Amino acid sequence: MQQLTSFLSGSWQSGRGRARTIHHAITGEPLWEVTSEGLDLAQARRYAIENGGDALSKMTFVERAAMLKAVAKHLLEQKEEFYALSAQTGATQADSWVDIEGGIGTLFTYAGLGARELPDDVLWPEDELIPLSKNGGFAARHVLTAKSGVAVHINAFNFPCWGMLEKLAPTWLAGMPAIIKPATASAQVTQAMVKAIVDSGLVPDGAISLICGGAGDLLDQLDFQDVVTFTGSAQTGQSLRIHPNIVKNSIPFTMEADSLNCCVLGEDVTPEQPEFALFIREVVREMTAKAGQKCTAIRRIIVPQVQIQAVSDALVARLQGVKMGDPAVEGVKMGSLVNADQRTDVQEKVDALVAAGCEVRLGGKADMQAAGAFFPPTLLFCPHPDESPAVHAIEAFGPVATLMPYQTRAQSLALARAGQGSLAGTLVTMDPAIAREFILGAARAHGRIQILNEESSKESTGHGSPLPQLLHGGPGRAGGGEELGGLRAVKHYLQRTAVQGSPTMLASVSQQWVRGAQVQEDRVHPFRKYFEELQPGDSLLTPRRTLTETDIVNFACLSGDHFYAHMDKIGAAESMFGERVVHGYFVISAAAGLFVDAGVGPVIANYGMENLRFIEPVKPGDTIQVRLTVKRKTVKRQKTADDKPTGVVEWAVEVFNQHQQPVALYSILTLVARQQSDF
């Protein structure tokens, strides 16, 4: 056996002292010894901050996004190595796909989000200008900046790749280095992926560190600039949350814990309907994927009393058809638990549920002497779930779920909430009224709820699939934390600060122009400037144009918009306007006619319009004028050397009337040519 080394302070290091052994989940063969004793974790933290943190914090959000994309591409090329190691943990090919390629896909998603939606800067203005004074001379914005510490990620054994990457993506995008502490049972898979990242040379030195073994005194070394995340059992997470140093320094702590997730069959569904088959399929899939070792797996099956027997029979029939064994053997659909210790734990939990009054309808007993850590698909039945608190508190982290009846919708909601906080729930129904009632009654106890029926099933990603765009987390027992959810996750690793000052000062700080700030004008039309030449605050004040009744009639005929407020003199006189008004969209069109430079130049195309608001009505005879100002710029990275280098410029558009009152405010996005190529 070899020792599984850690990557700390820029080098691979072996611990010295008591070691744990990682065994092959299928054969029981000893594979690795694991220990982190004797490693200098305080020095590892300093190294990560001084090297990785310093380098990452100097990169812009857009540059970090490009780094994520490059890492994702590299890992995808190395994926076969990860699949081979994943098989040692008892995972099937399908299980490993979720872990490996699902994790890499999360990197790609965050790379895209960062490139499209975050500034090409190290500071992220979170909101628009917030006026704080009557005349607009004093205002505020919330800004997000990188913390100067390290993110410590303590992960679970069941997803050694995805569990790391779904945290790394927002961590790196925020500009923080990470120390990864995987669960020992599957640490060899995580280590292989970390080695691939380090060897690629795509991330700064110190951006990633790895501890194979215990966390030692690492938590004692942290301060208020650090962040800790934990995924695993609720009991372990709760003990870490109250670690004296975490409490003392108010260190942000995010916890995602295993929960007793439920799947509820709506009272409108009968065995003859397609939704019934969908319900059975969803439960069986969630019980057997990863051999039930998923924090989102369905543990409680909540069914109308009248359908209990039909559901029980269908589940038993489907589960009996699931072939368990070595995933390398053709036809095997469910592998083993991660190791013998986990098998023992699952058996103890099943025995406890039976002792609490549950009946075994399938499975329930493992061969504790077998070399492989197999546990059979197990279906339990609790006849009186209202009177059996154990079924809502004891989780067997394996292919185990408990069937329970409900009499009324109110009872189904009570049972769904009885898990005291869940990561995910599923309701199978065709009835929108039942769906709304369920969301109103159960959402408070769930981080995510899927409403499944025949219509959505064609494209559903399933009950237990955390998606990068959606929240992963839940209240109560589920840990109370939040992961993923798009850019929400990035904010967890940034410091939010309210900055107050004049609009001009706030524009300078944020490198984004805000209304009320000073502008710069010159004789060159901004549409004649390349991306690099444009700066936030560059502005154009246009000539004026008086809008007439003829404009209203011509636009109505051209557009087909004959709304009474524009065309009916009597109706308009009785409206809130008191007379006919100019089409709002003609005001926008006329504004474009005033600020656009018609010649061929660096501005390539209109990329979109955002936040349009009509402030005051424009009436025939009113005169409009436009101020066009560069608000912010974002580089668009070239995919190939043949692509033209471009960037996106957001322009603030202010349309005024002859009284200098704003009549329309909005932003336009334009694609602008760059002079410098990425290649």
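Just so it is clear, the structure is predicted and the values come from calculations on it, not from any experiment. Every chain is numbered independently, its residues counted from 1 as its sequence is written. Thresholds applied to this predicted model are a pLDDT of at least 70 for local features of residues and 80 or more for the giving and counting of side-chain atom pairs; totals over whole chains, interfaces and linings are not thresholded and use all residues. Derived side-chain values reflect all non-hydrogen atoms in the structure, with water molecules and hydrogen atoms excluded from consideration.

Q: I'm lost on empty space enclosed by the protein in this one. Help?
A: Remark: the empty space left among the atoms is shown by a probe the size of a water molecule rolled over them. We place a 1 Å grid over just the protein atoms. Points where a 1.4 Å probe fits but has no way out form a cavity, open points with protein on both sides within 12 Å along at least 5 of 7 lines form a pocket, and any residue with an atom within 4 Å of a point lines it. Grid points are joined across faces, edges and corners, and a volume is the space filled by probe spheres set on the points. Taken as a whole and assessed by the stated rule, the structure comprises four cavities of 30 Å³ or more. Contributing to the lining of the largest cavity are 14 residues, with Thr89, Ala91, Asn158, Lys290 and Gln293 lying nearest its centre. Looking at the lining of the largest cavity residue by residue, the classes come out as five nonpolar, seven polar and two charged. The residue classification treats Ala, Val, Leu, Ile, Met, Phe, Trp, Tyr, Cys and Pro as nonpolar and Asp, Glu, Lys and Arg as charged. All others, Gly included, are polar.

Q: Where do I start with the layout of surface pockets in this structure?
A: Taken as a whole, the largest pocket holds about 1,300 Å³ of empty space. Lining the largest pocket are 44 residues, with Ala115, Arg116, Glu117, Thr634 and Val635 sitting closest to its centre. Those elements that provide at least two residues to the lining of the largest pocket are helix H2 (61-77), helix H4 (93-117), strand S6 (124-125), strand S26 (603-614), strand S27 (623-636) and strand S28 (646-656). Per the convention used, a helix needs a DSSP run of H or I reaching at least four residues, while a strand needs a run of E reaching at least two, with both numbered from the N terminus. It is H2 that contributes the most residues to the lining of the largest pocket, seven residues altogether.

Q: It is not clear to me how helix H5 (residues 162-174) should be interpreted in this structure. Could you clarify?
A: Since the α-helix turns once every 3.6 residues, residues separated by three or four places project in the same direction. Its 13 residues give H5 an end-to-end C-alpha distance of 19 Å, which sits within 8% of 18 Å, the value for a rise of 1.5 Å per residue. Maximal helix bending in H5 amounts to about 25°, located at Leu168; proline Pro170 follows within four positions. With 13 of 13 residues buried, H5 is to be regarded as a mostly interior element. Looking at the residues trailing H5, positive phi occurs at Gly175, about 95°. By this rule the span expected of a helix is its residue count minus one, scaled by 1.5 Å. Fitting one axis to the seven residues ending at a residue and another to the seven starting there, the bend at that residue is the angle between the two axes. Working definition: with a 1.4 Å probe on protein chains only, accessible area under 20% of the residue-type maximum means buried, over 50% means exposed, and in between means partly exposed.

Q: Looking at this model, I keep getting lost on the environment of Glu267. Mind explaining?
A: By secondary structure assignment, the location of Glu267 is in the loop between strand S14 (261-265) and helix H9 (274-288). The class for Glu267 is partly exposed, based on a relative accessible area of 40%. Residues Glu267 and Ile434, spaced 167 residues apart in sequence, show a C-alpha to C-alpha distance of 8.5 Å. Look past the residues within four positions of Glu267 in its chain and what remains in contact with it is Pro304, Tyr406, Arg409 and Ile434. The contact criterion used throughout is that any non-hydrogen atoms of two residues lie within 4.5 Å.

Q: Mind showing me how you'd approach the packing of H2 against helix H6 (residues 187-200) here?
A: The description of two packed helices rests on the angle between their axes and on the distance between the axes. All axes here are fitted lines through C-alpha atoms, helices being fitted over the stretch that makes contact, and every angle between N-to-C directions spans 0 to 180 degrees. Here H2 crosses H6 at 120°, and the two axes come no closer than 10 Å. With respect to H6, the element H2 is oriented oblique. As for the relative orientation of H2 and H6, their crossing is right-handed in sense. On H6, the residues touching Val71, His74 and Leu75 of H2 are Met193, Ala196, Ile197 and Ser200. Considered class by class, the residues forming the contact of H2 with H6 number five nonpolar, two polar and no charged. Orientation is classified from the angle alone, with under 35 degrees giving roughly parallel, over 145 giving roughly antiparallel, 65 to 115 giving roughly perpendicular, and any other angle giving oblique. For any pair of crossing helices, the crossing counts as left-handed if the nearer helix is rotated counterclockwise from the farther one by less than a right angle, and right-handed if it is rotated clockwise.

Q: What should I look at first to understand the nonpolar core in this one?
A: Note that soluble globular proteins tend to have their nonpolar side chains buried in a common cluster. Remark: nonpolar core denotes a set of buried residues (Ala, Val, Leu, Ile, Met, Phe, Trp, Tyr, Cys) joined through side-chain atoms within 4.5 Å. Counting residues in hydrophobic clusters, the biggest one holds 60 residues, and the most contacted among them are Leu75, Tyr110, Leu168 and Trp172. In terms of residues, this core owes the most to one element, H5, which gives eight residues. In this structure, Val283, Ala396, Val400 and Ala401 belong to the second largest nonpolar core, which totals 54 residues.

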